[in-house]
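# Tertiary structure, described
Single-letter residue listing:
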There are 2 protein chains.
Amino acid sequence: MASDLEPPAPAVGDAPLNTVDALVQLSFLVQRILGEVGAERGLSVIQIRLLGVLRGRPAGMLELATVLGLDKSSMTGLVARAEKRGLLKRSPSPHDGRAVLVSLTDDGKDLTNWGTAEIGRRISALTDGLTPPERARITELASAVVQAQRSG
Amino acid sequence: MASDLEPPAPAVGDAPLNTVDALVQLSFLVQRILGEVGAERGLSVIQIRLLGVLRGRPAGMLELATVLGLDKSSMTGLVARAEKRGLLKRSPSPHDGRAVLVSLTDDGKDLTNWGTAEIGRRISALTDGLTPPERARITELASAVVQAQRSG
DNA sequence: TTGCATTAGTACGTGGCACAAACTATATTG
DNA sequence: CAATATAGTTTGTGCCACGTACTAATGCAA
């Protein structure tokens, strides 16, 4: 299903990958790293992502739901659990009595910084086999795809 | 956290991405597509992946757990739910009385084929903004990373 | 101003997903 | 044969995600 990891298995796994398989497989590698890094500190991938979005600027629940691709009702629990762990806090919005501003606590910032560094190390290690120009190129091309999506 | 989607937000989101951010963001785009495609047929990403691994050859529970990066106990439920939906079946291994062989049913194959096609369409659309040589290059580089992981 | 639709967020119930620990049963090894 | 290792399941816990229904604040219109 274009998601085949072609494990140690029979050995048919060396056929060159097409674009779809290559990108899907690569995404699994990256996600696995995110999961592993998160697990070291009891964070799920979605929690890591939540912290990442909050790095920089506070956001409302609805905005977070949109960015993360979740239903707003899913945000309540997600934020509640992170809040209970002291990673972020809810404060009432000054401009809108209904709204809430979610922002990182100091603990949340620390954990976010740690995660950013650790993920950086491990994703970089992923591209260890590439030459510097190749690495620059894949960065460029991946960025182009990402940026195109942000506009489109 | 190297996972920032830089939403419609303020507009700081146009800085060029580094390697880590580019790959992480790209992985989220791909995973979102997998989730959306799966949702159209009530499949989670992990179910899609399970079907993908099973496409081609049957596998034991432990092998599946390894490939998918799950605990063996997680496989029981995953396979059980898919089996209940008629997507795959368990058969006793002929060589090992303890083991089980998981394989796709016809329904499972149909769904896998549909998913493969649909995912292919949507991932391809992701790279629509690239020129053909660029697309070939990102495929090549992504494949190199994936293959390197399989060996290392 | 009052009245009503809209918006932001929460509460609740359901089900999938993932884990660890304990368990069964079959293989394997000394 | 006894001890151990392996394949898989069971059970209990917690997270995650959804849809529906709800509260409360906002905004608009008459």
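Throughout, residues of each chain are indexed from 1 in the direction in which the sequence is written. Here chains are named by letter from A upward and ligands by number from 1 upward, in the order in which they appear as written. Note on the predicted model: pLDDT of at least 70 is required for a residue's local features to be given, and 80 or more for side-chain atom pairs to be given and counted; whole-chain, interface and lining totals, by contrast, use all residues.

## Considerations on the overall build of chain A
Here is the rule we go by: Segments assigned H or I by DSSP are reported as helices when at least four residues long, segments assigned E as strands when at least two residues long, and all are numbered from the N terminus. Burial is judged by counting other C-beta atoms within 10 Å of a residue's own C-beta: 20 or more means buried, 12 or fewer means exposed, and anything between counts as partly exposed, with every C-beta placed from the backbone. We call two residues in contact when their backbone-placed C-beta atoms lie within 7 Å.
Of regular secondary structure, chain A possesses 6 helices and 2 strands. Along chain A, helices (α) and strands (β) appear in the sequence α-α-α-α-β-β-α-α when read from the amino end. By principal-axis analysis of the C-alpha atoms, chain A measures approximately 60 × 35 × 30 Å. Burial analysis of chain A (152 residues in total) assigns 40% to the buried set. The long-range fraction of contacts in chain A, counting pairs at least 24 apart against all pairs at least 6 apart in sequence, stands at 39%.

## Some thoughts on the protein's contact with DNA strand D
The line we're drawing: Nearness between a residue and a molecule or strand is assessed with a C-beta atom placed from the backbone; a distance within 6 Å qualifies. Throughout this entry, Asp, Glu, Lys and Arg are counted as charged residues, while Ala, Val, Leu, Ile, Met, Phe, Trp, Tyr, Cys and Pro are counted as nonpolar. The remaining residues, Gly among them, count as polar.
Taken together, 25 residues form the shell around DNA strand D, and within it Ser44, Ser73 and Gly97 of chain A together with Leu62 and Ser73 of chain B come nearest. Considering each element in turn, the surface near DNA strand D owes the most residues, 5 residues, to helix 4 (residues 72-84) of chain A. Of the residues assigned to the surface near DNA strand D, the class counts are 8 nonpolar, 9 polar and 8 charged.

## Remarks on the packing of helix 2 (residues 45-54) of chain A against helix 3 (residues 61-68) of chain A
All names here are of chain A. Worth spelling out the cut-off: Each axis is a line fitted through C-alpha atoms, and for a helix only the stretch in contact is used; angles between axes span 0 to 180 degrees, taken between their N-to-C directions. The scheme is simple: roughly parallel for angles under 35 degrees, roughly antiparallel for over 145, roughly perpendicular for 65 to 115, oblique for anything else. The crossing is said to be left-handed when, going from far helix to near helix, the turn is anticlockwise and less than a right angle, and right-handed when the turn is clockwise.
Two elements in contact, helix 2 and helix 3, have axes whose closest approach is 11 Å; the angle formed by their N-to-C orientations is 120 degrees. The angle between helix 2 and helix 3 places the two elements in the oblique class. Considering how the two elements wind past one another, helix 2 and helix 3 form a crossing that is right-handed. Here Ile46, Arg49, Leu50 and Val53 of helix 2 come into contact with helix 3, specifically with Leu64, Val67 and Leu68. Here the residues of the contact of helix 2 with helix 3 are counted per class, giving 6 nonpolar, no polar and 1 charged.

## Focus: helix 5 (residues 106-126) of chain A
Heads up, the condition is: One less than the number of residues in a helix, times 1.5 Å, gives the span that helix is expected to have.
The first and last C-alpha atoms of helix 5 of chain A sit 30 Å apart over 21 residues, in line with the 30 Å expected at 1.5 Å per residue. Check the buried side of helix 5 of chain A and you find it contacts helix 1 (19-40), helix 2, strand 1 (88-92) and strand 2 (100-104) of chain A together with helix 1 (19-40) and helix 6 (132-151) of chain B.

## A word on the protein's contact with DNA strand C
Looking at DNA strand C, there are 25 residues lining it, with Gly60, Leu62 and Ser73 of chain A together with Ser44 and Gly97 of chain B nearest. Every element with two or more residues in the surface near DNA strand C is listed here: helix 3 and helix 4 of chain A together with helix 2 (45-54) and helix 4 (72-84) of chain B. Ranked by residues supplied to the surface near DNA strand C, first place goes to helix 4 of chain B with 5 residues. Here the residues of the surface near DNA strand C sort into 8 nonpolar, 9 polar and 8 charged.

## Notes on the relation of the copies chain A and chain B
So the rule is basically this: Copy-to-copy superposition: least squares on the C-alpha atoms, limited to residues that have pLDDT of at least 70 in both copies.
When chain A is fitted to chain B, the best match, at an RMSD of 0.1 Å, comes from turning it 180 degrees and sliding it 0.0 Å along the axis. What we have between these two chains is a two-fold relation. The rotation axis passes nearest to the C-alpha of serine 27 of chain A in chain A, at a distance of 2.1 Å. A share of 97% of the interface residues of chain A reappears at the interface of chain B, consistent with the copies meeting face to face through the same patch.

Purely geometric numbers; function is a separate question.
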